[in-house]
Amino acid sequence: MSSTGSTAVQEAQSLACEHCGLRVPAARLDPEADKQFCCAGCEHVYKIINGLGLSQFYALKRQADILPGSPVSPGTSAFSHFADESFAERYVSKRSDGLSEVKFALEGIYCAACVWLVEKLPLVADGVREARVDFGRKTVDVIFDSDQTELPQIARALDSLGYVPRPFNPSQRLKAAREESKQALLRLGIAGACAGNTMMIAVSLYQGYFSGIEPKYQSFLQWASLLVTLPVVFYSAVPFYKRAFGGLRVGSLHIDLPITLGILLGFFASVINTVLGMQHVYYDSICMLVFLLLLGRWLQQRGLERAMDARSVMFALSPTAARRVKGERREEVYVESLEIDDLIEVKAGEVLPADGIVHEGQSTLNTSILTGESRPRKVSAGDEVFAGTTNLSGVLLIKVAAVHQESRIGRILSVIERESSQKSPLVQITDRVGAYFVAVVLSLSAATFLYWWLAAGVLTAVDHALALLVVTCPCALGLAAPLSLSAGIHRAAASGILIRGADVIERLAKVRRIFFDKTGTLTKGLVQVKSFATAQDGPSREMVLRSAAMLENSSQHPVGSAIRSFALEQLGASSLDISSTEVEEVHGKGVVSRSGPSSLRMGSVPWLRESLLKADPTFARSVDEMIARGESPVLLEIDGRAVGAFSVGDILRSDASQVLSNLQNKGYRIEILSGDISEAVEKLACELGISPEFAHAELSPEEKRDFVLDAQAASRTAMVGDGVNDAAALSAAEVGIGMSSGAEACLDAADVFIARNGFEAFANLFSGAEATMKLIRRNIGLSLVYNVLGASGAVLGYVSPLVAAILMPISSLSVVLSTVFSRTFSKEKH
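In this text, all values refer to a predicted model and were calculated from it rather than measured experimentally. (Residues numbered from 1 in each chain as written. Predicted model: local features only at pLDDT ≥ 70, side-chain atom pairs only at ≥ 80, totals over all residues. Heavy atoms only, no water.)

Caption draft 1: Examining the sheet that holds strand 12 (residues 384-385) more closely. The strand order across the open sheet formed by six strands is 7-6-8-14-9-12, and the pairing between neighbours is antiparallel. A strand with exactly one partner marks an edge of an open sheet, and here the two such strands are strand 7 (329-334) and strand 12. (Pairing = 2+ DSSP bridges. Helix = DSSP H or I, 4+ residues; strand = E, 2+ residues; numbered from the N terminus.)

Caption draft 2: Inspection of the side chain of Thr389 at higher detail. As for its placement among the helices and strands, Thr389 is situated in the loop between strand 12 and strand 13 (390-391). At a separation of 2.6 Å, a polar atom in the side chain of Thr389 contacts the main-chain carbonyl oxygen of Phe386. (Polar contact = N/O pair within 3.5 Å; in protein donor to acceptor, adjacent residues only side chain to side chain.)

Caption draft 3: Main features of the sheet that holds strand 20 (residues 600-604). One open sheet holds the six strands; their spatial order is 17-22-21-20-19-18, and the pairing between them is antiparallel. Whereas interior strands pair on both sides, the edge strands pair on one side only; in this sheet they are strand 17 (528-534) and strand 18 (583-586). Averaged over all adjacent pairs, the angle separating strand axes in this sheet is 20°, with direction ignored. Both strand 21 (residues 632-638) and strand 22 (residues 641-649) contribute to a ladder of seven bridges, which runs antiparallel. From the neighbouring strand, Val634 faces strand 22, where its bridge partner is Phe646. This element, helix 21 (residues 558-571), spans strand 17, strand 20, strand 21 and strand 22 of the sheet and lies at about 65° to strand 17. (Axes fitted to C-alpha atoms, helices over the stretch in contact; angles between N-to-C directions. Contact = heavy atoms within 4.5 Å.)

Caption draft 4: Representation of the confidence of the model for the chain. Here the chain shows a mean pLDDT of 78. Residues at 70 or above account for 77%. Predicted confidence in the chain is weakest over helix 1 (residues 3-14), with a mean pLDDT of 43, and strongest over strand 8 (residues 343-346), with 93. In this model residues 1-14 is a low-confidence stretch, pLDDT under 50, and it forms eleven contacts with partners more than four residues away in sequence or in other chains. Confidence over residues 307-314 falls short of pLDDT 50; this stretch has 31 contacts with residues more than four positions distant or in other chains. (pLDDT = per-residue confidence, 0-100.)

Caption draft 5: Structural view of a negative patch on the surface. Taken together, the side chains of Asp624, Glu625, Glu679 and Glu682 make up a negatively charged region of the molecular surface. Those elements that provide at least two residues to the negative patch are helix 23 (617-628) and helix 25 (678-688). Here Glu682 lies in helix 25. (Patch = residues over 30% accessible without salt bridge, like charges linked within 9 Å, V, L, I, M, F, W, Y side chains within 5 Å. Areas by Shrake-Rupley, 256 points an atom, 1.4 Å probe, with all protein chains shown as cover. Salt bridge = Lys/Arg side-chain N within 4 Å of Asp/Glu carboxyl O. Lys, Arg positive; Asp, Glu negative; His and termini not counted. Charge placed at Lys NZ, Arg CZ, Asp CG, Glu CD.)

In structure tokens, the structure reads:
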């Protein structure tokens, strides 16, 4: 390349178009001109604006910072900073399999076909193993081999597909969304202004066609229309081209391909007719088509944001506002505006908005959302506290340490985000159908063009083929399933139900058999010791209580906590010194200690039945009386003999009976799986209206898991438990549902976590899943009816390109509005 040519290229890369601000291509660079333009359209529009004395327009736009300022598609060098080590340290994470993972925010994600195209990234970028798109958040998680590729190469590959990648920064996400909306509105405004002008010119042309017009005036009006159309075709419609040609790069037929062909076919046919002096041109139809398409996409995006606001998950668990303290002044601020080291005030009854350290004050916190522990936790100055927990008593001043997504509850929700990026089977099917659909549309359009060309001439053929290409856009079909499922997940979160992924909703809708754990699930988990007995020939009462408190000192199970509290209260102590005691938990049975001079075990009657047989008759009768009352005895064994019994009982959830009855009436089979004694489980089943044959007692965690696996072979099952002791059964079921334990424990084993108290949320879960699947069927039906009617009308010649441009966004909007106004996972009683 000559030095002059090289210099021209370098200058072009650094020059921006005087009108729109985009980079000037080297081929358009004029060394003798004071002003540089990226295309002829921008140059002509610039001359028109200045010729009318409106040059102040550009100064005002720059001052308001609403010009693009940089290309929509950055140049090759624009992503070079992605290679910096500091960038990788902040945004790239190493996986356990040795691969790397990075999250990008993407511009231009509008539909399921966009998602499908981006997920084809491994085909155009060497070293990329997988790309997973989060449609609601407009992000992509890229898994790649850092030894084979670098971040700049990945970013350029995404950009070449038509989607500009940006580093994902949650705190900047709203700003980036506003910038993208600003760009979309600018394209929409230009298309609308040009459409209005071409329509006014078209009025004169159409009048001339019927009443006669001199060729020179016809030519002038056509050339004027061409001039006004250029910004629309070469600026406003550019996103359609980029996505269409990006799809072709990976061997995919993107749904914007028919639109691109329609726009370019109509435009170049009009240019040829203008040059040849023929009458028929489509400039007004093209401008109005692009305007209506952009308007439909913009309205569709606004509907998506309303239906799938990702922040609703966070807002379901933590407040949206905080009380920031500055000196003597308190101010209410948006929680996302909090910064590290800010001081916030939290009064009694309020939920903490951020993680931090107690700066001043004393109080107790309900931390069950995180830990599952029902006992309030005392905190004072210097203690660490977390967002999502509830302040129960005093006023606290807290120094902020982490906010929103960086908080502990935010990291928990990242589990949901990762799972929600996995596609459900239904979405995968609609994606494949969409790809074939575009191929059918292109073939049908070609056949339509050929038929009408032979029957009525090329102009009529162009009209009908163009209308068919536009009206049959499968956006609505592509949106039907993913939009409904994503909206369902976020609405469920607003009702206090965290669902790990879209596929969980599909599986929930197929469940017909539901297993429930007993303690903390069907009951409130507020276990109390109702009676206490000791063996006459055993150790002293004080020794039995001290041994029980020691064994249950670190237990997180509601029964263990209740026994520990009872024993300490009876002993008149707040704690015991057990530094030399080693206690081992036996899941589903009890606890054991062998570190002292004696062997101690404490647990259920089935586990310690042999030691009960060695006890004195009076003590054994006391245990039998506890069982007869429907209570659950917990035995203390010392050196092989039962010497103490703690009768524990729980409170049944007040709404459990009604909810379970409604589920049974809907055809669900309700069963209980419990490690408790059979008498207590059967009594509870009787109170809930469950047949005794469906009350399964004295089961270990492994036996619960096996029971669920056996049932799974016959029907779709769900297991409802506490997420810790029932982890194996939760994982074995088609759908695992955690209710009483903390979110951290539940989401490791379960597919669903119910964050709010009360059984009504559980009923809402199943009815919401059914309503979501009905919504999907309705949305798919709407899209299919629209496409069949629209395609038929276009092929038969009843739908013009302009009418097609109006109908196309209406189809997508109908699906969006159907979803927005649906009542899936509503908070009303079911």
